[in-house]
Amino acid sequence: MTYVKQALPGPADDGYVPSQRRIERERFKRSRARRATAVAALSTLGTAAVLFLVITGSPGWPRTRETFFSAEYARKSLPKVLDGLLLNLQLLVACGAAVLVLGLLLAVARTLRGPVFFPLRALATAYTDFFRGLPLIICLLMVVFGVPALRLQGVTTDPVVLGGSALVLTYSAYVAEVFRAGIESVHPSQRAAARSLGLSSGQALRHVVLPQAVRRVVPPLLNDLVSLQKDTGLVSIAGAVDAVYAAQIIAGRDFNFTPYVVAGLVFVALTIPMTRFTDWITSRTDRRRAQGGIV
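All values derive from a computational prediction rather than experimental measurement. (Residues numbered from 1 in each chain as written. Predicted model: local features only at pLDDT ≥ 70, side-chain atom pairs only at ≥ 80, totals over all residues. Heavy atoms only, no water.)

## Considerations on empty space enclosed by the protein
Within this structure, the stated rule accounts for one cavity of 30 Å³ or more. There is about 30 Å³ of room inside the largest cavity. L85, N88, L89, L92, Q229, T232, F267 and L270 together form the lining of the largest cavity. Within the residue set of the lining of the largest cavity, elements represented by two or more residues are α3 (71-111) and α11 (258-290). Looking at the lining of the largest cavity element by element, the count peaks at four residues for α3. Of the residues that constitute the lining of the largest cavity, the class distribution is five nonpolar, three polar and no charged. (1 Å grid on protein atoms, 1.4 Å probe; cavity = no way out; pocket = protein on both sides within 12 Å on 5 of 7 lines; lining within 4 Å. Points joined across faces, edges and corners; volume = space filled by probe spheres on them. Helix = DSSP H or I, 4+ residues; strand = E, 2+ residues; numbered from the N terminus. Nonpolar A, V, L, I, M, F, W, Y, C, P; charged D, E, K, R; others polar.)

## Observations concerning the packing of aromatic side chains
In the structure shown here, the tally under the stated rule is seven aromatic pairs. Taken together, a centroid distance of 5.0 Å and an interplanar angle of 90 degrees make the contact between F130 and F131 edge-to-face. Owing to a relative accessible area of 46%, F130 belongs among the partly exposed residues under this scheme. Residue F131 is classed as buried on the basis of its relative accessible area of 13%. (Phe/Tyr/Trp six-rings, centres within 6.5 Å; stacked < 30°, edge-to-face > 60°. Buried < 20%, exposed > 50% of the residue type's maximum accessible area, 1.4 Å probe, protein only.)

## What to know about a positive patch on the surface
The grouping of R21, R22, R25, K29, R32 and R35 at the surface amounts to a positive patch. Of note, K29 is situated in helix α1 (residues 20-56). (Patch = residues over 30% accessible without salt bridge, like charges linked within 9 Å, V, L, I, M, F, W, Y side chains within 5 Å. Areas by Shrake-Rupley, 256 points an atom, 1.4 Å probe, with all protein chains shown as cover. Salt bridge = Lys/Arg side-chain N within 4 Å of Asp/Glu carboxyl O. Lys, Arg positive; Asp, Glu negative; His and termini not counted. Charge placed at Lys NZ, Arg CZ, Asp CG, Glu CD.)

## A word on a nonpolar patch on the surface
On the surface, I137, I138, L141, M142, F145 and I237 cluster together into a nonpolar patch covering about 510 Å² of accessible area. On the secondary structure map, F145 appears in helix α5 (residues 136-150). For F145, a relative accessible area of 48% translates into the label partly exposed.

## Overview of the packing of α3 against helix α10 (residues 243-254)
Contact geometry of α3 with α10 gives a least axis separation of 6 Å together with a crossing angle of 150 degrees. As far as their axial angle goes, α10 and α3 are roughly antiparallel. Contact with α3, carried on its side by Y73, K76, S77, K80, V81, G84, L85 and N88, involves A243, A246, A247, I250, R253 and D254 of α10 and no other residues of that element. Grouping the amino acids of the contact of α3 with α10 by side-chain chemistry returns seven nonpolar, three polar and four charged. (Axes fitted to C-alpha atoms, helices over the stretch in contact; angles between N-to-C directions. Parallel < 35°, antiparallel > 145°, perpendicular 65-115°, else oblique. Contact = heavy atoms within 4.5 Å.)

## Let's talk about the pattern of salt bridges
Applying the stated criterion across every chain yields a total of eight salt bridges. A salt bridge links K76 to D254; the shortest N-O distance between them is 3.8 Å. Note that K76 is positioned in helix α3 and D254 in helix α10, a separation of 178 residues in sequence. According to the relative accessible area criterion, K76 is partly exposed, its value standing at 37%. Ionic pairing is found between E177 and R110, a salt bridge with its closest N-O pair at 2.6 Å. Pair noted here: E177 is in helix α6 (residues 159-185) and R110 is in helix α3, with a separation of 67 residues, a long-range link. With respect to class, E177 is no different from R110; both count as buried.

## Some details on the environment of Q90
One can find Q90 in helix α3. For Q90, a relative accessible area of 46% puts it in the partly exposed group. The spacing of Q90 and G164 is 74 residues in sequence and 10.0 Å in space, taken between C-alpha atoms.

Listed below in structure tokens is the structure:
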């Protein structure tokens, strides 16, 4: 018995044949894309070549290369910089979690309604205004050196804890404004619909408003996290041996600034993946919003 295998209809069997005009249009688009890529590559290479010639042709380049880009000092400082980087990562995780919690509480306090909550709203507003206006370096100096000077019983003098507290105080003010913008971006009809279903004000905020607000502010929150990752290096002014302070020790001993360059490149290597992830989240959120996937 002979079996005849019958082909199933598929997308290629729908009988569609592109017209000659469409084929030429697609060919033109591909050639234009290739030409744009080639022009971009050539312009990038030309710009890099000009910068290289200008920098390496400057009179002080030999001394600068020896002082800032020494391969010997880079190999010597990299292990100690990576050891100090562990402290920066620990501060990022601990401070990031504390900033999110405190920032959300401040945002909720600022959006509470009713005259009875006016003192709470005023305190939250004063907090965010003060710490958003206060430079981070001054906040660090005040907390790291001012708190131990008070000689309070039971208050730690650990520079890591004090430096992390200063980071939390400053960044929670910025994050609170991000959360508040997300809360206020939710249409009032959402809250009204929740109240009409029998939810209280707190339940409407928790189950209806906050979930939408948090989804909308994820990209700016990730940007603040990237900034926090970089600013963890400022705890070195308190004497904590992180990546920056480890580089400072080597640079001060050998009078060579290559360890600072190494520490900077390490932070850049950590920041770039987080930045690209933030961009991906932002574009994904925009696409879903354009398609009606996000309320």
